[in-house]
Amino acid sequence: SPIVPPKEDKQIKQNLIKKDPKECLNIFFIGSLMSVYDFETIKKSIEIVNKKKIKIQLFIAGKGGSENYIKEIFNNIENVFFLGWINRKQAKEISSNCHLALAPYKNIKNYELNLVNKYIDYMSLGLPVLSPLRGFPFEVINEYEIGWNYPAKDSLILARIIKDIIQSPDLIKIRSANAFKLFKT
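Model, not experiment: these values are computed from the prediction.

Help me understand the pairing of strand β2 (residues 56–61) in this model?
Along any regular strand, the residues point their side chains to alternate faces of the sheet. For β2, the tally of buried residues reaches six of six residues, placing the bulk of the element in the interior. A two-sided burial pattern is seen for β2, the buried positions comprising Ile56, Leu58 and Ile60 on one face and Gln57, Phe59 and Ala61 on the other. Summarising the sheet, strand β1 (residues 25–30) and β2 pair through six bridges and their orientation is parallel. Opposite Ile27, over in β2, you have Leu58 as the bridge partner.

So this is what it looks like as structure tokens:
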């Protein structure tokens, strides 16, 4: 069973079981909870998906300067779980129960010009990346088919992409393998 930090809600451990994505899509975010991420669009997308009775879960691991703000954003959403700080071993265990990873960066020039470490971390875990970044990261996702791009601040399109991902479990496996393969090269 997955390793979850001891101070966190026991319900998380029960929910963090990899299922067929058509039953429930598990999405993972790991990183410092900072203002460089757009979690508002993620929240709106989850609300849209929830209203359509599409089952997804978002697991957020990390701590940081915007932690309280991000927790407040998701305050009334039952399928978003905060794991707190986790180590690499725990990240591997949790990622093995997730279908894809979230990199909801704001489009800041430096992030658009380089492949951010988060992409590399997710690829090393064999998780396809879901991100709004333009520029070089966008091109890498498309060229190597290691995930999905979505337009920044567009919760409707992101919700539709999530729905499409759920309907394509084989594509999740392919992009997961592509992500890990690219990491190894």
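Whenever I open this one, the pairing of strand β3 (residues 80–84) confuses me. Can you help?
Of all five residues in β3, five are buried, a share of seventy percent or more. In β3, alternate side chains face the same way, and those of Val80, Phe82 and Gly84 on one face and Phe81 and Leu83 on the other are all buried. Pairing of β2 with β3, which is carried by four bridges, proceeds in the parallel orientation. Bridge pairing in β3 links Leu58 to Val80. Tracing the backbone out of β2, into helix α3 (residues 67–73) and back to the parallel element β3 gives a crossover that is right-handed.

Please explain the side chain of Glu112 as it appears in this structure.
One can find Glu112 in helix α5 (residues 109–113). With relative accessibility at 12%, the residue Glu112 sits in the buried group. If near-sequence neighbours (up to four positions away) are discounted, Glu112 is found in contact with Asn107, Arg134, Gly135, Phe136 and Pro137.

Hey, could you run me through helix α4 (residues 88–95) in this one?
Residues three or four positions apart in an α-helix share a direction because the helix packs 3.6 residues into each turn. Three or more residues of α4 are buried, namely Gln90, Ala91, Ile94 and Ser95. On an axial view of α4, the arc spanned by its buried residues comes to 130 degrees, and they lie on one face. Capping the start of α4, Asn87 holds a side-chain oxygen 3.1 Å from the backbone nitrogen of Lys89, two or three residues further along.

Quick question: what am I supposed to make of the pattern of salt bridges here?
In a structure, side chains of opposite charge can pair up when their charged atoms sit close to one another. Inspection of the entire model under this criterion finds four salt bridges. Notably, a salt bridge pairs Glu112 with Arg134, separated by 3.1 Å at the nearest N-O pair. Placement of the pair is Glu112 in helix α5 and Arg134 in the loop between β5 (129–131) and α7 (136–144), with a sequence separation of 22 residues. One continuous salt-bridge network, built from bridges that share partners, spans Lys63, Glu67 and Lys71.

Reading the values: rules and limits
Each chain has its residues counted from 1, following the order in which its sequence is written. Predicted model: local features are reported for residues with pLDDT of at least 70 only, side-chain atom pairs are reported and counted for 80 or more only, and whole-chain, interface and lining totals are derived from all residues. Side-chain measures here rest on the full set of heavy atoms in the structure, leaving out hydrogens and waters. The classification of residues rests on relative accessible area computed with a 1.4 Å probe and restricted to protein chains. Under 20% of the type maximum is buried, over 50% is exposed, and intermediate values are partly exposed. The way it works is that DSSP assigns letters per residue, a run of H or I at least four long becomes a helix, a run of E at least two long becomes a strand, and they are numbered from the N terminus. When DSSP locates at least two bridges between a pair of strands, those strands are taken to pair. Note on handedness: a clockwise path from strand one over the helix to strand two, with the strands aimed away from the viewer, defines a right-handed crossover. Residue contacts are counted whenever heavy atoms from the two residues lie within 4.5 Å of one another. Note that the arc is computed from the directions linking the helix axis to the C-beta atoms. A 3.5 Å cut-off defines polar contacts: any pair of N or O atoms within that distance qualifies, except that in protein one atom must be a possible hydrogen donor and the other a possible acceptor, and neighbouring residues in sequence count only when both atoms are side-chain atoms. Salt bridge, as applied in this entry: a Lys or Arg side-chain nitrogen positioned within 4 Å of an Asp or Glu carboxyl oxygen.

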